Amino acid sequence: MHTLYYATGDFDRSAGRREDQLWLRARLQDPNSRLYPLWRLRHLIAHDVTQANAENGGIPRAMALDMARHGDLVSRADTIILLGVDGEVAHFALDLSGLDEASIAPLGEFQELRSIGALMPQREGALLAYARGLSYWHQRHRYCGACGARTEVKAAGHQRQCTNHDCSTVQFPRTDPAVIMRVTCGNKILMARQTMWAPGMHSVLAGFVEPGESLEDAVIREVYEEVGLRVHNVRYFASQPWPFPASLMLGFTAEAESEDFHLQDGEIEAARWMTRLDLLNSPENDDFRLPRADSISRRLIEDWVRL
C-alpha cells in the first residue's frame with residue numbers, strides 16, 4: 001500500500017535531539033537549516049508551474065525558507081518546533097501567528113492545507129500536516145489545565161510545562177482517535193453523507209473512539225448508532241493522521257448482517273448501498289461524488305472497488 005497523505009513515513013523526527021540545547025542552538029544558526037512558516041494555521045506555499053499544469057495554476061509546493069536569508073523570523077516566532085532532520089539538514093516550523101498580515105505579506109502566500117494537500121507532493125504535505133498539528137495543539141494549551149497558570153514551550157516544541165512551580169504539570173501533544181469503516185454486505189458498500197459536507201459528497205462511516213472502548217467496539221457501536229446495522233468480521237485496514245484539526249483516523253472494514261439500515265441519530269443525512277459499477281460510474285456531481293482524494297475514506301473505497 002502506498003503511504004497515505006499526511007503520514008511522515010520514514011522522516012527522521014530526531015526525538016533524541018529535542019532537549020539537546022547546544023545542538024538546537026547550533027541548528028538555529030546553521031544557514032542550511034530549513035524553516036516552514038505558519039500563520040494562523042496557514043502555510044507558506046509556492047506554485048510550481050510548468051507548461052503541462054499552467055492552466056491549473058501549477059502544483060502547490062511547501063515553501064521552506066533558508067536560515068541564511070530568513071533567520072530573523074526565529075526571534076519573531078510565537079513558537080519554534082523542531083520537525084526533524086533530513087540528512088544533515090534540520091527542519092523547523094515557525095508559528096508567526098502573532099504577526100499582523102502586513103508583516104507576513106512580503107514572505108508570499110499563506111494557504112490552508114486542507115484546500116491544497118491532495119495536490120502537493122506527499123512528503124511535503126506530510127511535513128506541513130505535522131507542523132499544523134503541533135501548532136494547533138500549542139495554540140490551545142497556553143494555560144495549564146490543572147491550575148490555570150501559563151505554560152511554556154519545552155522539548156523543541158513537543159511539550160509544554162506549567163510555569164507554576166507548585167504545579168509544573170507537563171503536557172504532551174494529543175491526537176483524537178477516530179475509527180472510519182468500510183461497511184459492506186455481499187457485493188455492495190454503504191455510502192453516506194452529512195448535511196455539512198459539500199453537495200453530493202458521500203463517504204464511509206466514521207466516529208470518535210470513546211474512553212474505555214476498544215477500536216473494534218467503537219466500529220460496532222458507531223455503525224449501529226448512525227445507521228442501525230449490526231456488523232461483524234471487523235478488521236483493521238490502515239491509519240492516517242488527519243490534522244483538521246487533530247485526529248488519527250483508524251481504518252477498518254466490517255460486514256453488515258443485512259442491508260436494512262435506519263438513520264438513527266440525525267448525524268447522517270442520507271445513505272445508500274452501492275455496487276462497484278455504481279462507484280466506477282460516479283457522476284461526481286451534486287447528486288453523488290466520492291470523498292476527497294487525500295482521505296483514508298477514499299483509499300478504503302478504492303481498495304474495495306479493486307477487489
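In this report, we go over the structure that sits alongside the text. Quick caveat: nothing in here was measured; it's all calculated off a predicted structure.

Quick look at the side chain of arginine 298
Then, in step 1: If you trace the backbone, arginine 298 turns up in helix α9 (residues 296-306).
Then, in step 2: Those residues in contact with arginine 298, other than ones at most four positions away along the chain, are Leu290, Pro291, Arg292 and Ala293.

A closer look at the pairing of strand β11 (residues 176-185)
Then, in step 1: With eight of its 10 residues buried, β11 lies for the most part within the structure.
Then, in step 2: As paired elements, β11 and strand β15 (residues 247-256) share nine bridges and run parallel to each other. By the bridge assignment, valine 179 is partnered in β15 with leucine 250.
Then, in step 3: Where β11 and strand β13 (residues 205-208) come together, four bridges link them in antiparallel fashion. Its bridge partner lying in β13, valine 179 is registered against glycine 207.
Then, in step 4: For β11 and strand β12 (residues 188-193), the ladder comprises two bridges, and the chain directions are antiparallel.

Points about helix α6 (residues 122-139)
Owing to its 3.6 residues per turn, the α-helix brings residues three or four apart onto one side.
Then, in step 1: With 18 residues, α6 ought to run about 26 Å at 1.5 Å a step, and its terminal C-alpha atoms sit 26 Å apart, in line with that.
Then, in step 2: With 14 of 18 residues buried, α6 lies mostly within the body of the structure.

Here we look at the pattern of salt bridges
Then, in step 1: For the structure on display, the rule yields 20 salt bridges.
Then, in step 2: Salt-bridge contacts for arginine 69 lead to aspartate 66; the nearest nitrogen and oxygen are separated by 3.3 Å.
Then, in step 3: Residue aspartate 66 is classed as buried on the basis of its relative accessible area, which comes to 15%.
Then, in step 4: The closest approach of N and O atoms between arginine 174 and aspartate 176, which form a salt bridge, is 2.4 Å.
Then, in step 5: Because the salt bridges share partners, they merge into one network encompassing Glu210, Glu213, Arg221, Glu222 and Glu225.

Digging into the sheet that holds strand β10 (residues 170-171)
What links the strands of a sheet is backbone hydrogen bonding, and the strands pair in either a parallel or an antiparallel sense.
Then, in step 1: With antiparallel pairing, the three strands of this open sheet are ordered in space as β8-β9-β10. Whereas interior strands pair on both sides, the edge strands pair on one side only; in this sheet they are β8 (151-154) and β10.
Then, in step 2: Taken together, the four bridges between β8 and strand β9 (residues 159-162) define a ladder with antiparallel strand orientation. Each bridged residue has a counterpart across the sheet, and for valine 153 the counterpart in β9 is arginine 160.

As for the state of the cysteines
Then, in step 1: A full pass over the atoms with the stated rule returns zero disulfides.
Then, in step 2: Here cysteine 167 is not cross-linked by a disulfide; its sulfur's nearest cysteine counterpart is in cysteine 144, at 3.8 Å.
Then, in step 3: Owing to a relative accessible area of 24%, cysteine 167 belongs among the partly exposed residues under this scheme.

A closer look at the packing of aromatic side chains
For any two aromatic rings, the description comes down to two numbers: the centre-to-centre distance and the angle of the planes.
Then, in step 1: For the structure on display, the rule yields five aromatic pairs.
Then, in step 2: Ring centres 6.1 Å apart and planes at 50 degrees place the aromatic pair tyrosine 5 and tyrosine 6 in the tilted group.
Then, in step 3: Exposure remark for tyrosine 5: the relative accessible area of 22% places this residue in the partly exposed category.
Then, in step 4: A residue is classified by how much of its surface remains accessible, and tyrosine 6, at 3% relative accessible area, is buried.
Then, in step 5: Members of the aromatic cluster, connected to one another through ring pairs, are Tyr5, Tyr6, Trp242 and Phe244.
Then, in step 6: Between arginine 230 and the ring centre of tyrosine 224, over which it is positioned, the NZ or CZ distance is 3.7 Å.
Then, in step 7: The ring centre of tryptophan 304 lies 4.0 Å from the NZ or CZ of arginine 276, which sits over that ring.

With respect to the environment of alanine 129
Then, in step 1: With respect to the helices and strands, alanine 129 occurs in helix α6.
Then, in step 2: By relative accessible area, which is 5% here, alanine 129 ends up buried.
Then, in step 3: Considered as a pair, alanine 129 and leucine 215 are 86 residues apart in the sequence and their alpha carbons are 24 Å apart.

Some points on unusual backbone geometry
Then, in step 1: Each neighbour pair has its own omega, and for phenylalanine 244 with proline 245 the value is 10 degrees, a cis peptide bond.
Then, in step 2: Mapping proline 245 onto the fold places it in the loop between β14 (231-242) and β15.
Then, in step 3: For arginine 40, which is not glycine, the phi torsion reads 55 degrees and is therefore positive.
Then, in step 4: With respect to the secondary-structure elements, arginine 40 resides in the loop between β1 (34-39) and β2 (42-48).
Then, in step 5: Here arginine 40 falls in the partly exposed class, since its relative accessible area comes to 46%.

Re the environment of leucine 107
Then, in step 1: Following the sequence through the fold, leucine 107 ends up in the loop between α4 (101-104) and β7 (109-111).
Then, in step 2: What leucine 107 contacts, discounting residues up to four positions off in sequence, is Leu44, Met63, Leu65, His70, Leu73 and Leu96.

How each quantity is defined
- Residues numbered from 1 in each chain as written.
- Predicted model: local features only at pLDDT ≥ 70, side-chain atom pairs only at ≥ 80, totals over all residues.
- Heavy atoms only, no water.
- Helix = DSSP H or I, 4+ residues; strand = E, 2+ residues; numbered from the N terminus.
- Contact = heavy atoms within 4.5 Å.
- Buried < 20%, exposed > 50% of the residue type's maximum accessible area, 1.4 Å probe, protein only.
- Pairing = 2+ DSSP bridges.
- Expected span 1.5 Å × (residues − 1).
- Salt bridge = Lys/Arg side-chain N within 4 Å of Asp/Glu carboxyl O.
- Disulfide = S-S within 2.5 Å.
- Phe/Tyr/Trp six-rings, centres within 6.5 Å; stacked < 30°, edge-to-face > 60°.
- Lys NZ or Arg CZ within 6 Å of the ring centre and 35° of its normal.

Coordinates in, geometry out; function isn't part of it.
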